[in-house]
Amino acid sequence: MTTLLDVPRLDPGSVLARSDGGGRRVHPVWRALGYLVLLLASAGLLLPFFWMVLSSFKHNNEVFTVPITWFPDTVVWSNYVDIWRKSDMTTWLGNTLLLSVAVTFLQVLTGSFAAYGFAKVRFRGRDALFLAYVSTIALPWQSYMVPQFIIMSKLQLSDSRWSIVALQAFGALGVFLMKQYYETIPEELSEAARMDGMSEYGIWRRIMLPLSVPALASLTLLTFVGTWNDYLGPLIYLRSPDLRTIQLGLSTFISQYNAEYALIMTGSVLSVLPIAVIFLLGQRYFVEGLATSGLKG
């Protein structure tokens, strides 16, 4: 009888090791050209962020000068004090962090659990149900946001954080991402666990989740970034000033201080900084999870 102890342990990195293109060596010229293209693309993407950070240390009349002045003549550290004094930045960041953590936790929980059912549990109509569920990704949210708003209003969840949490607690993208990763895990692990008397919930919690750290990290980062940067959802459902997120708060701040360009750049830096730090800390798992989630065994 095969047990869990007899099944070899899966190394998540082995999936990447098997996808090395057959071991063919790349010519040094093409490799150097590839690095050059990546360097230019990275510079083009980081240049606006670099300019935004430097502008947060300038005076207002230095931000939009012609020609562009990249480095400030005098570093204005007081911008990061004035932005907190002139705005309700603490409330905005707190609301955004609370919603992002809650939505991310629920999406990772529900997405990974549903993905296990679609990937490892056999039942009638499984593939058709999965196809119908994943096809909702193709529908833009604007096409059904009015019925959702009516439902939230009837449930008296409008103008509360619960409306955002209830609407974003489930996501088809997370189910698709986790299902693709679960299918790379050998079926022998699940079969051995069932023979040992482990329940489906136990298999998911004690076997699948520990082996799916890269995919979980990718889903966590994608969901957190999406919730943090969400503007339309909070704009519709969070109308009270004390419920505003960082995106809504910056929008109102720009309307009130539309000539304070340096402070606007400072607020933008504060809104982007947490996302940049989280991505830098989890980029290894993020890349590994995306690279392996599209493979089949």
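Remember, it's a predicted structure, so these values are computed and weren't measured experimentally.

Draft legend 1. Representation of the pattern of salt bridges in the model. Within this structure, the stated rule accounts for 7 salt bridges. A salt bridge links Arg85 to Asp82; its shortest N-O distance comes to 3.1 Å. Placement of both Arg85 and Asp82 in helix H4 (residues 79-86) is noted, with a separation of 3 residues, approximately one turn of the helix. Put simply, Lys120, Glu187, Arg194 and Glu200 are held in one network by salt bridges that share partners.

Draft legend 2. View of the nonpolar core. Of all hydrophobic cores here, the largest spans 24 residues; its most connected members are Tyr116, Met178, Tyr182, Ile185, Ile203, Ile207 and Met208. Breaking this core down by element, the ones donating at least two residues are helix H5 (89-120), helix H6 (126-134), helix H9 (172-182), helix H10 (187-195), helix H11 (200-211) and helix H12 (213-228). In this view, Ile203 contacts Tyr116, Ser190, Ala193, Arg194, Met198 and Met208; residues no more than four positions away in its chain are not counted. Counting 13 residues, the second-largest nonpolar core is a separate cluster that includes Leu93, Ile246, Phe253 and Leu270.

Draft legend 3. Looking closely at empty space enclosed by the protein. Tallied over the full model, the rule gives 1 cavity of 30 Å³ or more. One number sums up the size of the largest cavity: a volume of about 50 Å³. Forming the walls of the largest cavity are Thr96, Leu99, Ser100, Ile164, Thr227, Trp228, Asp230, Pro234, Thr245 and Gln247. Contributions of two or more residues to the lining of the largest cavity are made by H5 and H12.

Draft legend 4. Just the layout of surface pockets, in detail. Space inside the largest pocket adds up to approximately 870 Å³. Lining the largest pocket are 24 residues, with Gln107, Tyr144, Gln168, Phe170 and Gly171 sitting closest to its centre. Residue assignment for the lining of the largest pocket shows that the elements contributing at least two residues are helix H8 (161-168), H9, H12 and helix H13 (232-237). Sorting elements by how many residues they give to the lining of the largest pocket places H12 first, with 5 residues.

Draft legend 5. Just the packing of H6 against H9, in detail. Packing of H6 against H9 brings their axes to within 9 Å, and their N-to-C directions diverge by 130°. By the criterion of interaxial angle, the relationship of H6 to H9 is oblique. Where H6 approaches H9, its residues Phe130, Tyr133 and Val134 are matched on the opposing element by Ala172, Val175, Phe176 and Lys179. In the contact of H6 with H9, the residues fall into 6 nonpolar, no polar and 1 charged.

Draft legend 6. Representation of the confidence of the model for the protein chain within the structure. For the protein chain, per-residue confidence averages 83 on the pLDDT scale, and residues scoring 70 or more make up 88% of the total. Of all secondary-structure elements in the protein chain, the lowest mean pLDDT belongs to helix H1 (residues 12-17), at 45, while H5 reaches the highest, 93. Counting interchain partners and residues more than four positions distant, the pLDDT-below-50 stretch residues 12-21 has 11 contacts.

Conventions we followed
Per chain, the residues get numbers from 1 upward, laid out in the order the sequence is written. Local features in this predicted model are restricted to residues whose pLDDT is 70 or higher, and side-chain atom pairs enter the listing and the counts only when it is 80 or higher, whereas totals over whole chains, interfaces and linings include all residues. To get the side-chain values, all heavy atoms of the structure are used, and hydrogens and water are removed first. Throughout this description, the term salt bridge denotes a Lys or Arg side-chain nitrogen within 4 Å of a carboxyl oxygen of Asp or Glu. The helix count covers DSSP runs of H or I at least four residues long, the strand count covers runs of E at least two residues long, and both are numbered beginning at the N terminus. For this analysis, a nonpolar core means a set of buried residues of the types Ala, Val, Leu, Ile, Met, Phe, Trp, Tyr and Cys, connected via side-chain atoms within 4.5 Å. Each residue is assigned to one of three classes by its accessible area relative to the maximum for its type, calculated with a 1.4 Å probe on protein chains only: buried under 20%, partly exposed between the two thresholds, exposed over 50%. Contacts were defined at the residue level, with two residues in contact if any of their heavy atoms lie within 4.5 Å. Only protein atoms enter the 1 Å grid used here. Points where a 1.4 Å probe fits but cannot escape make up a cavity, open sets with protein on both sides within 12 Å along at least five of seven lines make up a pocket, and a residue lines them when an atom lies within 4 Å of a point. Grid points are joined across faces, edges and corners, and a volume is the space filled by probe spheres set on the points. Structural elements are reduced to axes, namely lines fitted to C-alpha atoms, with helices fitted over the stretch in contact, and the angle between N-to-C directions of any two is expressed from 0 to 180 degrees. Should an angle fall under 35 degrees it is called roughly parallel, over 145 degrees roughly antiparallel, and 65 to 115 degrees roughly perpendicular, with every other angle called oblique. Residue type decides the class: Asp, Glu, Lys and Arg count as charged, Ala, Val, Leu, Ile, Met, Phe, Trp, Tyr, Cys and Pro as nonpolar, and the leftover types, Gly among them, as polar. One number per residue, pLDDT, summarises how confident the predictor is, and it ranges from 0 to 100.

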